[in-house]
Amino acid sequence: MASKGLAGVVAGDSAVSTVGVGDGLNYRGYNINELCEKSNFEEVAFLLLHGYLPSRDEFNVFKETIANNRTIPEKLKAVLEVIPPNSHPMDMFRTACSFLGTIEPETKENNQIQISIRLISLFGPILFYWYHFHNNHICIETNTKHNDSIATNILKLLHNSSSEPDPEKVKTLDISLILYAEHDFNASAFAGRITVSTNSDFYSGIVTAIGTLRGNLHGGANEAAMAFLSSLDSTSHATEVVHKAFADKKKLMGFGHRVYKNGDPRSPIIKGYSKRLSQRPGGKPQLFAISETVEKIMLDEKKMYPNLDFYSASSYHQCGIPTSFFTPIFVISRTTGWAAHIFEQRADNKLIRPQSNYIGPDTRPYVAMENRGPKARL
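Residues numbered from 1 in each chain as written. Predicted model: local features only at pLDDT ≥ 70, side-chain atom pairs only at ≥ 80, totals over all residues. Heavy atoms only, no water.

Colleague: So, the pattern of salt bridges: which residues are in play, and what are the values?
Modeller: Opposite charge on two side chains permits them to pair, given that their charged atoms come into close proximity. Under the definition given, this model contains 17 salt bridges. Linking Asp91 and Arg94 is a salt bridge whose minimum nitrogen-to-oxygen distance equals 3.2 Å. Here Asp91 pairs with Arg94, and both are found in helix α5 (residues 89–103), just three residues apart, close to one helical turn. Judged by its relative accessible area of 32%, Arg94 is partly exposed. Connected via shared salt-bridge partners are Lys145, Asp148, Lys156 and Glu164. (Salt bridge = Lys/Arg side-chain N within 4 Å of Asp/Glu carboxyl O. Helix = DSSP H or I, 4+ residues; strand = E, 2+ residues; numbered from the N terminus. Buried < 20%, exposed > 50% of the residue type's maximum accessible area, 1.4 Å probe, protein only.)

Colleague: How would you summarise the state of the cysteines if you had to cite specific residues and measurements?
Modeller: Considering all chains together, one arrives at zero disulfides under this definition. With no disulfide partner, Cys36 has as its closest neighbouring cysteine sulfur the one in Cys319, 14 Å distant. According to the relative accessible area criterion, Cys36 is buried, its value standing at 6%. (Disulfide = S-S within 2.5 Å.)

Colleague: Give me the lowdown on the nonpolar core, citing residues and values where you can.
Modeller: Core analysis: the largest hydrophobic core is formed by 102 residues, its most contacted members being Tyr27, Leu80, Phe123, Ile126 and Val294. Tallying contributions element by element places helix α6 (residues 112–135) first for this core, with eleven residues. The residues touching Tyr27, leaving out its near neighbours within four places in the chain, are Val16, Ser17, Ile32, Leu35, Val44, Leu47, Leu48, Ile178, Leu179, Tyr180, Ala181 and Glu182. (Core = buried A, V, L, I, M, F, W, Y, C linked by side-chain atoms within 4.5 Å. Contact = heavy atoms within 4.5 Å.)

Colleague: Kindly report on the packing of aromatic side chains, identifying the contributing residues and their values.
Modeller: Considering all chains together, one arrives at 13 aromatic pairs under this definition. Residues Phe46 and Phe62 carry aromatic rings whose centres are separated by 5.4 Å and whose planes lie at 90° to one another, so their mutual orientation is edge-to-face. On the criterion of sequence distance, the pair formed by Phe46 in helix α2 (residues 41–50) and Phe62 in helix α3 (residues 56–68) is long-range, its members being 16 residues apart. Exposure remark for Phe46: the relative accessible area of 5% places this residue in the buried category. What makes Phe62 buried here is its relative accessible area of 4%. One aromatic cluster is present, built from ring pairs that chain together Phe255, Phe288, Phe310 and Tyr311. (Phe/Tyr/Trp six-rings, centres within 6.5 Å; stacked < 30°, edge-to-face > 60°.)

Colleague: Help me get a handle on the sheet that holds strand β1 (residues 17–19), residues and values and all.
Modeller: As summarised here, the arrangement of the three strands in space is β1-β2-β3, forming an open sheet in which the pairing is antiparallel. Single-partner strands in this sheet number two, and they are β1 and β3 (30–31). Direction of pairing for strand β2 (residues 25–27) relative to β3: antiparallel, over a ladder of two bridges. Note that in β3 the partner of Asn26 across the bridge is Asn31. (Pairing = 2+ DSSP bridges.)

Colleague: Explain helix α7 (residues 150–159) to me, using residue names and the numbers behind them.
Modeller: Among the ten residues that make up α7, nine are buried, leaving the element largely enclosed by the rest of the structure. Burial in α7 covers these residues: Ile150, Ala151, Thr152, Asn153, Ile154, Leu155, Lys156, Leu157 and Leu158. Buried residues along α7 sit against α2, α3, α6, α8 (167–180) and α16 (326–347). Positive backbone phi, approximately 45°, marks Asn160, located one or two places after α7.

Colleague: Any chance you could break down the environment of Ser162 for me, citing the residues and the numbers?
Modeller: Of note, Ser162 is situated in the loop between α7 and α8. The spatial distance from the C-alpha of Ser162 to the C-alpha of Thr144 is 7.2 Å, given a sequence separation of 18 residues.

Keep in mind these values describe shape, not function.
Shown next as structure tokens:
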């Protein structure tokens, strides 16, 4: 009996993370709650790539390397400038990553660790260079202060400003990057592993993962959640619309999870940051109230919990991040997890090639074309 969507199928061994086991979510043995409380995204990225937490010197070198990798090659800038402005940012990312692989290919000198750091450092600058070139008709400088975190760099480039962004927004974004960094054999990570299991190059694995993450059943869910929340103008309106969705048997994005049946452990963390932003000047308390209303109805009536995507939507929105950028920011974070899985697949590789449960017709004779009736269907 085949398992639809490979649900419940154990497809391999991994030491990168545990999902839905023990304390809910752990990266390399460290619980996500403790990492969010005590760590930062750069340290978590090092952990995922190297398998251990860095020393102070290692951390400083790692941050220095990230800062040194934010310059976009001129040839890539030229490509970004001709990608249509109405393209989805995920399509732009897929193209940019593939092109980078042609001008900075994987070699013994430019190895998988170096490429991983390059992509983690460069995806933010790529996104905002493309955005500002087409929307504001300017070519921005992507190298912000040398000690800027990735979260700070993102917010500065978003607004093309050298001013220091709101620390609460920086912290919210940094926490979200930690939460999105890794999630076991999720669809995009597994797709990337399949690609590199053929002995393809590192960039091909990441491009595969980007394409997989683009779908709204995976990475695009936070965008869909924000689109839904934006259509609601009050808590009473939210109640009305959610009940109508139930009656029409429509799915609400941002709820439920294949693995977590009693709540996504990441959701309360990002919800807390969304609430804090809503209580600050410029925050959106009504958006947060509407979100809580939807959450309560879904839990009370459908026994469905919000996943990470639901409150990430209101968090990113309150940080001033356009909805179409939600999934690309997911890419910046998840590249760390993808890289860890690619490393692991390559270290003990076997071509991933499952079998299907054939449900087609039995063996049948070939019929000459002149003797066939009009039965062909696609």
